[in-house]
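Each chain is listed here by its residues.
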Amino acid sequence: MKIKIDFRLLDVSLEIHALEDHLNLIKKQISHLIHVEQSALDEYRQKEKLKPEDPEWNMAQENYDHRVEFLLPRFFFGAFIVNMYAVFETAVTEIARLIQTAQGQEISMGDLKGDFLERANKYYKSILHFELYSDNKTWQTIKMLAELRNAITHVNGRLDMLNENSRSKIKNWGKQGVGITSYYNYLLIDENCARETFTQIRLMLDDLVERYKEWDTYKKSV
C-alpha cells in the first residue's frame, strides 16, 4: 500500500512543528539553567559561610534573581517570538505568491503600501479574494505578535525607545495579564504568552494551508 504525501507547502508545516519542538526545548533548557544557577548560589553561600543578614547574601540573591527572572526569559522567549513571526510572514508571503501565480494576478503584495500586516490583509482580501484569517481574535493575536517582534528586533525590547503608540499597546496587553511584563524598562514575555501565541498562530497557519490546498485542488480539477 502506497502512502500518498502532499508536498504542497510542506516546508511551512515542518517549520510549524519545529517551532513547537523549539518551545518545548526552551522550557527544558530554562529549567536546567535555573537548577544550575541555584546550585551555584547555594555553593557560593556555603563556601563563603554567608548568613541571611550578611550583605553578600542579598547581593548574591539579587544576581540570581536578575539572571533567572530577567535574562533567561528575555533572551529565550524573545528569540522564539522573533522566529515565530518569521515563520508566519514567510508562510503568508509564499501562499500569496502561489495564489497570485495561479490567478494570473499582475499586482503583487509588494506593490501595496503599508507595513507587512496592512499589505497582507489588503492583498488577500481585495486582490486575491482569499481569506487570510478566520476571525477578529486571530487577527488581534497576529497584530500583537508583530508588535512584540518589532519591539525586540528594532530596539532590543527597550520600551523607552519605542514610539508612544507601540509602548501604549504593549502596556495595555500587560494589564490584561497575558504574560507580557517589563523589567527595568525591558520587554519580558513569559512561557504562557509565548505558548498561547504560538497555539493561535499555528491554528491560523494550519487553517490557511489547508484552505489553500483545497482551493488549489479544486482549481486544478475544473
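Residues numbered from 1 in each chain as written. Predicted model: local features only at pLDDT ≥ 70, side-chain atom pairs only at ≥ 80, totals over all residues. Heavy atoms only, no water.

A. Region of interest: the overall build of the protein chain. Counting secondary structure elements, the protein chain contains 6 helices and 2 strands. Order of helices (α) and strands (β) in the protein chain, N terminus to C terminus: α-α-α-α-α-β-β-α. In terms of C-alpha radius of gyration, the protein chain reaches 22 Å, well past the compact-globule figure of 17 Å for 222 residues. The principal-axis extent of the C-alpha atoms belonging to the protein chain is close to 80 × 55 × 25 Å. Out of the 222 residues belonging to the protein chain, those deemed buried represent 38%. The contacts of the protein chain with a sequence gap of at least 6 include a subset with a gap of at least 24, amounting to 69%. Only carbon and sulfur atoms are counted for the fraction: they give 51% of the accessible area of the protein chain, which is about 13600 Å². (Helix = DSSP H or I, 4+ residues; strand = E, 2+ residues; numbered from the N terminus. Rg over C-alpha atoms; globule rule 2.2 N^0.38 Å. Buried < 20%, exposed > 50% of the residue type's maximum accessible area, 1.4 Å probe, protein only. Contact = heavy atoms within 4.5 Å. Areas by Shrake-Rupley, 256 points an atom, 1.4 Å probe, with all protein chains shown as cover.)

B. Here's a closer look at the pattern of salt bridges. Evaluation of the coordinates by the stated rule reveals 11 salt bridges. In this structure, arginine 202 and glutamate 20 form a salt bridge, with 3.1 Å as the shortest nitrogen-oxygen distance. Taken together, the residues arginine 202 in helix α6 (residues 191-221) and glutamate 20 in helix α1 (residues 10-48) connect sequence positions 182 residues apart. What makes glutamate 20 partly exposed here is its relative accessible area of 27%. Aspartate 207 is the partner of arginine 211 in a salt bridge, and the nearest nitrogen-oxygen pair spans 2.9 Å. Taken together, the positions of arginine 211 and aspartate 207, both in helix α6 and 4 residues apart, correspond to about one turn of that helix. What makes aspartate 207 partly exposed here is its relative accessible area of 31%. (Salt bridge = Lys/Arg side-chain N within 4 Å of Asp/Glu carboxyl O.)

C. Here's a closer look at the layout of surface pockets. Quantified by volume, the largest pocket comes out at close to 360 Å³. If you trace the largest pocket, you find 19 residues lining it, with Asp115, Leu117, Ala146, Glu147 and Asn150 closest to the centre. Looking at the lining of the largest pocket, the elements with two or more residues in it are α2 (55-103), α3 (116-128), α4 (136-155) and α5 (164-175). Of all the elements, α4 adds the most residues to the lining of the largest pocket, at 9 residues. For the second largest pocket, the calculated volume is near 220 Å³. (1 Å grid on protein atoms, 1.4 Å probe; cavity = no way out; pocket = protein on both sides within 12 Å on 5 of 7 lines; lining within 4 Å. Points joined across faces, edges and corners; volume = space filled by probe spheres on them.)

D. The arrangement of empty space enclosed by the protein in detail. For the coordinates displayed, the defined rule picks out 1 cavity of 30 Å³ or more. The volume enclosed by the largest cavity comes to roughly 30 Å³. Contributions of two or more residues to the lining of the largest cavity are made by α1, α2 and α6. With 4 residues, the single largest contributor to the lining of the largest cavity is α6.

E. Representation of the nonpolar core. Formed by 57 residues in total, the largest nonpolar core has its most connected members in Phe88, Val92, Tyr124, Leu132, Ile170, Leu187 and Leu205. In terms of residue count, α2 provides more of this core than any other element does, 13 residues in total. The residues contacting valine 92, other than those within four sequence positions of it, are Phe116, Ala120, Tyr124, Leu132, Met204, Leu205 and Leu208. (Core = buried A, V, L, I, M, F, W, Y, C linked by side-chain atoms within 4.5 Å.)

F. Fine view of the side chain of threonine 93. Topologically, threonine 93 is positioned in helix α2. Overall, the relative accessible area of 17% leaves threonine 93 in the buried class. Not counting residues within four places of it along the chain, the set of residues in contact with threonine 93 comprises Met109 and Phe116.

G. The packing of aromatic side chains, seen in detail. Inspection of every chain in the model, using the stated rule, returns 10 aromatic pairs. Between tyrosine 85 and phenylalanine 88, the ring centres sit 5.9 Å apart and the planes meet at 45°, which makes this aromatic pair tilted. Residue tyrosine 85 and its partner phenylalanine 88 are both found in helix α2; the two are separated by 3 residues, about one turn of the helix. As far as burial versus exposure is concerned, tyrosine 85 and phenylalanine 88 are alike and both buried. By the ring-pair criterion, three or more aromatic residues cluster together here, those being Phe70, Tyr183, Tyr184 and Tyr186. Here arginine 45 stacks its cationic end above the ring of tryptophan 57, 3.7 Å away from the centre of that ring. (Phe/Tyr/Trp six-rings, centres within 6.5 Å; stacked < 30°, edge-to-face > 60°. Lys NZ or Arg CZ within 6 Å of the ring centre and 35° of its normal.)

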